[in-house]
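# Fold and geometry: a report
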Amino acid sequence: MSKNFNLSSPTPPLLLIFYVLFVVHPAVASVHDYKGEKFMSKGNAFVLHGGSEGLYSSLPNPNASAAAASGDSFIRFEKITLQRPEEAAASSKETDSVKVQAIVFEVEDRETIGGSAYGGQKAICCTADLAKLGVCTQGNLIYRPSAQNPDWPQIFSAYFIGKDVVATLPSKTISITKTGMYNVYFIFCDPALKGLVIEGKTVWKNPTGYLPGRMAPLMNFYGLISLAFVILGIFWFSQYARFWREVLPLQNCITAVIALGMFEMALWYLEYAEFNKTGVRPMGITFWAVTFGTIKRTIARLIILLVSMGYGVVRPTLGGLSSKVKMLGATFFLASEVLESVENLGAVSDLSGNARLFLVLPVAMLDAFFILWIFTSLSKTLEKLQARRLMAKLDIYRKFTNTLAVTVIVSVGWIVYELYFKSTDVYNERWQRAWIIPAFWQVLTFSLLCVICILWAPSQNSMRYAYSADASEEFDREETFSLIKPGPFPSKDSQTASLSPENKAALKVSNNGDIEEDKRE
């Protein structure tokens, strides 16, 4: 091979560009369906991204047949047909043969795809210059065997013979013997096939089921956190039942958040379990899991904001702020619902969602506004409680403020780590740890909810945290009296000492008369 031919150039290959294509062709399950999908021009090739998933190697099972064992991991191509425009077929000669290739490779072997001549731009399809070097055949996909496994990447082809309009890709099952992030691409190099569409599906399976590798650990996680919500619910509802006469409106809202959280976690577990079993994502369960979660997050943020504003504690109403709070809650709900729906409904490929950045930004900005408003309100509420010397309420608000401060600091730190994780994992090679990122946010939210439940648990003394107009007025009256409190009254002796002789005599007569009148009574 010529030294001028470079198959492992340090320049990022064109496959880096392919990684963003998944948002244009969303799949509806681990069974990746292709329904009239069209190829896109990338460099000197036409490419269709068929899916990317983390797959674990097959479990050893010598007594089971290949591709049939429950512990097998594989990618299977089923009923894939390719249809070119009739005009292209009519212009072809009877002796023509045009090729469409499917390639399956593990992410570590990405540099084996494509090449360049004389240090030029990297190409996916073999060019005339590369063909002259004798390293490939012009019009074919460029690749070389993997250093770790000579049988990879796996490539097979479909052919349009003569004036054929339809070509069929042979059904094939590829066993996965090495754990890794696997990719499927359909590629053709002949511009005459422009307008080609594909029908069919690929089936991706892990040893434990159809869940993609990044999602697989989340099923067990949601099972555990569902159990945690049940335990929290038992504690809260038992307290609620014991002291239901003392329950505050705030505690009713917390009850709603706990109930929504239980439903959300249970639905996520059922969604993942069904997905893992059938390979088809249950869109109805996914939608309701997303919706319950969005409602829960919205109500939780509004509760924290209302508590921070002192609603029901130092103020009976929100006054003119009520409409603004409702508008912020509604906006956050809509933005979060759209983001979560795009992220979860039909999402299968284990790829980072960089292309959905424009959906993340509104939610992030609204969250930042919530945080700013919450801490501004908390500062004012603490000042009022301090001024009114309501020590019981002040103590619980200080604990609440400290908890929120710790939560925000931890959240910011985790966001920095998440940005670092995604920016340094361009090819999703750390997919086995990616599940920790969404799991962390669930754990953090649950932890904050536990602290709130402990601080505001229903009890026989719950009403002492409620707003009391009488107590407020009594405190205001006492505070006013303290500002105008009179000094000690002077004695009679001191009063008479300052009088003139005439006034003293008059006062004596008056006093004697009073005494005599009292005696007569």
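The numbering scheme is per chain: residues are counted from 1 as the chain's sequence reads. Per-residue local features are limited, in this predicted model, to residues with pLDDT of at least 70; the limit for side-chain atom pairs, both in listing and counting, is 80 or more; totals at the level of whole chains, interfaces and linings are taken over all residues. Think of the side-chain values as coming from all heavy atoms in the structure, minus any hydrogens and water.

Under the annotation held in an unreviewed UniProt entry, the protein carries the name GOST seven transmembrane domain-containing protein and is attributed to Dendrobium chrysotoxum. UniProt positions are given in the numbering used here, feature names are shortened, and annotations may be inferred rather than shown by experiment. Recorded under Subcellular location (unreviewed entry), the UniProt text for the protein is reproduced unchanged: "Membrane".

### Quick word on the nonpolar core
By size, the foremost hydrophobic cluster in this structure holds 56 residues, and its most contacted members are Tyr222, Ile254, Tyr272, Leu305, Phe400 and Trp456. Among the elements of the structure, α4 (216-242), α5 (249-278), α6 (283-308), α7 (322-344), α8 (357-388), α9 (391-423) and α10 (436-455) are those that each provide at least two residues to this core. Residues Tyr34, Leu48, Ile75 and Leu196 belong to the second largest nonpolar core, which totals 29 residues. Residues belong to one nonpolar core when they are buried, are Ala, Val, Leu, Ile, Met, Phe, Trp, Tyr or Cys, and are joined through side-chain atoms within 4.5 Å. Burial status follows relative accessibility: with a 1.4 Å probe on protein chains alone, a residue under 20% of its type maximum counts as buried, one over 50% as exposed, and anything between as partly exposed. Runs of E in the DSSP output that reach at least two residues are strands. Runs of H or I that reach at least four are helices, and both are numbered from the N terminus.

### What about the sheet that holds strand β11 (residues 180-188)?
Pairing between sheet strands relies on hydrogen bonds along the backbone, with the strands arranged either parallel or antiparallel. Two strands pair if DSSP finds at least two bridges between them. The strand order across the open sheet built from five strands is β3-β4-β11-β6-β8, with neighbouring strands paired in antiparallel fashion. Each of the sheet's edge strands pairs with one partner strand only, and the pair in question is β3 (40-42) and β8 (154-161). Strand-to-strand, the axes of this sheet are offset by a mean angle of 35°, without reference to chain direction. Sheet topology places strand β4 (residues 45-55) next to β11; nine bridges connect them, and they run antiparallel. Axes, fitted as lines to C-alpha atoms, cover a helix only where it is in contact. Angles between the N-to-C directions of the axes lie from 0 to 180 degrees.

### A short note on the packing of α9 against α10
Where α9 meets α10, the axes come as close as 11 Å, and the angle between the chain directions of the two elements is 180°. Taken together, the axes of α9 and α10 lie roughly antiparallel to each other. Here Ile396, Lys399, Phe400, Thr403, Leu404, Thr407, Val410, Ser411, Trp414, Ile415, Glu418 and Phe421 of α9 lie close against α10, whose contacting residues are Ile436, Ile437, Phe440, Trp441, Leu444, Leu448, Val451, Ile452 and Leu455. Roughly parallel means an angle under 35 degrees; roughly antiparallel, over 145; roughly perpendicular, 65 to 115; everything else is oblique. Contacts are residue-level and defined by heavy atoms, with any inter-residue pair within 4.5 Å sufficient.

### Points about the confidence of the model for the protein
Segments scoring low in pLDDT should not have their predicted coordinates read at a detailed level. Predictor confidence is given residue by residue as pLDDT, running from a minimum of 0 to a maximum of 100. Of the residues in the protein, 77% have a pLDDT of 70 or more, and the chain-wide mean is 78. The secondary-structure element of the protein with the lowest mean pLDDT is helix α1 (residues 15-18), recorded at 33, while α4 shows the highest, at 93. This stretch, residues 470-492, has a pLDDT under 50; its non-local contacts, to residues over four places away or in other chains, come to six contacts.

### As for the state of the cysteines
When two cysteine sulfur atoms lie within 2.5 Å, the pair is treated as a disulfide. Counted according to the given criterion, the structure contains one disulfide. Between the sulfur atoms of Cys125 and its disulfide partner Cys189 the distance amounts to 1.9 Å. With the S-S bond torsion at -85°, the cross-link from Cys125 to Cys189 turns out left-handed. With Cys125 in the loop between β7 (116-117) and α3 (128-132) and Cys189 in the loop between β11 and β12 (197-205), the pair connects residues that are 64 residues apart, well separated along the chain. For the pair shown, Cys125 and Cys189 are each scored as buried. Of all cysteine sulfurs, the one in Cys450 lies closest to Cys453, which takes part in no disulfide; the gap is 6.4 Å. The class of Cys453 is buried, set by a relative accessible area of 0%.

### Examining the UniProt feature "transmembrane region" (unreviewed entry) in the protein
Residues given the UniProt feature "transmembrane region" (unreviewed entry) here are residues 221-238, 250-270, 355-375, 396-416 and 436-457. The straight-line gap between the two end C-alpha atoms of residues 221-238 is 26 Å; of that span, 100% is helix and 0% is strand. Taken end to end, residues 436-457 has its terminal C-alpha atoms 30 Å apart, with 91% of it in helix and 0% in strand.

### Considering the packing of aromatic side chains
Only Phe, Tyr and Trp rings take part, Trp by its six-membered ring, and two of them pair if their centres are within 6.5 Å. Stacked means planes under 30 degrees apart, edge-to-face means over 60, and tilted covers everything else. Evaluated as defined, the whole model comprises 25 aromatic pairs. Summarising the aromatic geometry, the rings of Tyr56 and Trp431 are spaced 5.0 Å apart at their centres and angled 70° between planes, so their arrangement reads as edge-to-face. Taken together, the residues span a long stretch of sequence, with Tyr56 in the loop between β4 and β5 (74-83) and Trp431 in the loop between α9 and α10 at a distance of 375 residues. Here the aromatic rings of Phe263 and Phe292 are separated by 5.5 Å at their centres, their planes lie at 15°, and the arrangement is stacked. In this pair, Phe263 is assigned in helix α5 and Phe292 in helix α6, connecting sequence segments 29 residues apart.

### Quick notes on the pattern of salt bridges
By convention in these notes, a salt bridge is any Lys or Arg side-chain nitrogen within 4 Å of a carboxyl oxygen on Asp or Glu. Counting across every chain of the model gives ten salt bridges. Here Lys201 and Glu78 are joined by a salt bridge, their closest N and O atoms 3.5 Å apart. Of this pair, Lys201 sits in strand β12 while Glu78 is found in strand β5, placing the two residues 123 residues apart along the sequence. Close ionic contact of Arg297 with Glu264 constitutes a salt bridge, the shortest N to O distance being 3.7 Å. Placement of Arg297 in helix α6 and of Glu264 in helix α5 is noted, with a sequence separation of 33 residues between them. Judged on exposure class, the residue Arg297 and its partner Glu264 are both buried. The network of salt bridges with shared partners includes Arg76, Glu78 and Lys201.

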